[in-house]
Amino acid sequence: MLEILNTLVSLDLFKVFFCCDLQKCHGACCIEGDAGAPVTTDEVALLEQAYEELHDDLSPESQRQIEMKGVVYPDRDGELVTQIIRGKDCVFVKNEKDCALCAIDSAYRSGRFRWQKPISCALYPVRLSQVGGVTAVNVHKWDICQPARDLGKQLQLPVYQFLKEPLVRRFGQAWWDECNLAAKELKKAGYLD
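Residues numbered from 1 in each chain as written. Predicted model: local features only at pLDDT ≥ 70, side-chain atom pairs only at ≥ 80, totals over all residues. Heavy atoms only, no water.

1. Remarks on the nonpolar core
We apply this condition: The term nonpolar core refers to a set of buried residues drawn from Ala, Val, Leu, Ile, Met, Phe, Trp, Tyr and Cys, joined through side-chain atoms within 4.5 Å. The buried label goes to any residue with under 20% of its type's maximum accessible area, the exposed label to any with over 50%, and the partly exposed label to all in between, with areas taken from a 1.4 Å probe on protein chains only. We count a stretch as a helix when DSSP gives it H or I for four or more residues in a row; a strand needs E for two or more, and each element gets its number in order from the N terminus. Any two residues having at least one pair of non-hydrogen atoms within 4.5 Å are treated as being in contact.
With 27 residues, the main nonpolar core has Leu13, Phe14, Val159, Tyr160, Leu167 and Trp175 as its most contacted residues. Contributions of two or more residues to this core are made by helix H1 (12-15), helix H6 (119-123), strand S10 (134-139), helix H8 (159-162), helix H9 (164-171) and helix H10 (173-188). Examining the composition of this core, we find that six residues originate from one element, H10, more than from any other. Here Val159 is in contact with Asp12, Leu13, Val16, Phe18, Pro125, Val126 and Val139, once residues within four sequence places are set aside. One finds Ala50, Val72, Val91 and Phe92 within the second-largest nonpolar core, a separate group that totals 23 residues.

2. Let's talk about H10
Put simply, the test is: For a helix, the expected span equals 1.5 Å multiplied by the number of residues minus one. Note that the arc is defined by the directions from the helix axis to the C-beta atoms.
An ideal rise of 1.5 Å per residue puts 22 Å on 16 residues; H10 measures up with 23 Å between its terminal C-alpha atoms. Listing the buried residues of H10 in full gives Trp175, Trp176, Cys179, Asn180, Ala182, Ala183 and Leu186. Seen end-on, H10 carries its buried residues on one side only, within an arc spanning 155 degrees. Turned more than 90 degrees off the buried face of H10, the exposed positions are Ala174, Lys184 and Lys188. Buried residues belonging to H10 abut strand S1 (2-4), strand S2 (7-9), H1, S10, H8 and H9. Once H10 finishes, Gly190 follows within two positions and takes phi at roughly 90 degrees, a positive value.

3. Digging into the state of the cysteines
Going by this rule: When two cysteine sulfur atoms are found within 2.5 Å, that pair is recorded as a disulfide.
What the rule picks out here adds up to zero disulfides. Between Cys102, a free cysteine, and Cys30, which holds the nearest cysteine sulfur, the sulfur-to-sulfur gap is 6.2 Å.

4. So, a negative patch on the surface
Basically, it comes down to this: A residue counts toward a patch only above 30% relative accessible area and without a salt bridge, and it is joined to like-charged neighbours within 9 Å or, for Val, Leu, Ile, Met, Phe, Trp and Tyr, to nonpolar neighbours within 5 Å. Only the protein chains shown count as cover for residues, with accessible areas throughout obtained via the Shrake-Rupley method and a probe of 1.4 Å. For this analysis, a salt bridge means a side-chain nitrogen from Lys or Arg found within 4 Å of a carboxyl oxygen belonging to Asp or Glu. Just so you know, the count uses Lys and Arg for positive and Asp and Glu for negative, and it drops His and the chain ends. Where a charge lies is defined by one atom per residue type: Lys uses NZ, Arg uses CZ, Asp uses CG and Glu uses CD.
A cluster of like negative charges, contributed by Glu48, Glu52, Glu53 and Glu67, occupies part of the molecular surface. The element best represented in the negative patch is helix H3 (residues 41-54), accounting for three residues. Mapped onto the elements of the fold, Glu48 is located in helix H3.

Fair warning: the whole summary comes from geometry, so function is off the table for now.
The following block contains the structure:
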């Protein structure tokens, strides 16, 4: 672990290669798992607004779930996560051409909505946790993301570079610049191949 501007960063951020390959995974991270995506309390109001504005983009099943239970619920650890249907699918998923896509992210990219999506989704495969009041930045390894690791390796694209935009969104440009400098120093010292 490295300390970068009050965070503890796993070396996997520099060692693991990653680049989403939707043609192979079909957006499985949005429709697999046993809970929704982690959200911050600040994001709840944005998710409620997204539901109001993107209601018609969501499936009738997602609409019913949100109407009955809201946009988030506490998972087994008491953390807020997006509501799910069928015990695994995020309610904000829309299917296009046999691929699960985030309705919020799609609306953001087309200029229809001002917010991209929860930061935990944007940062994946990075997961954040608190360790003694400090944010730990780790890389989660999930078998459904093997195509992303394969493509990342082919492109020689480490996680921290693939996730530059959301890392800057979460931690700021100065943090990412320090992260990039750390990667160069680790490479120079022989820790990265």
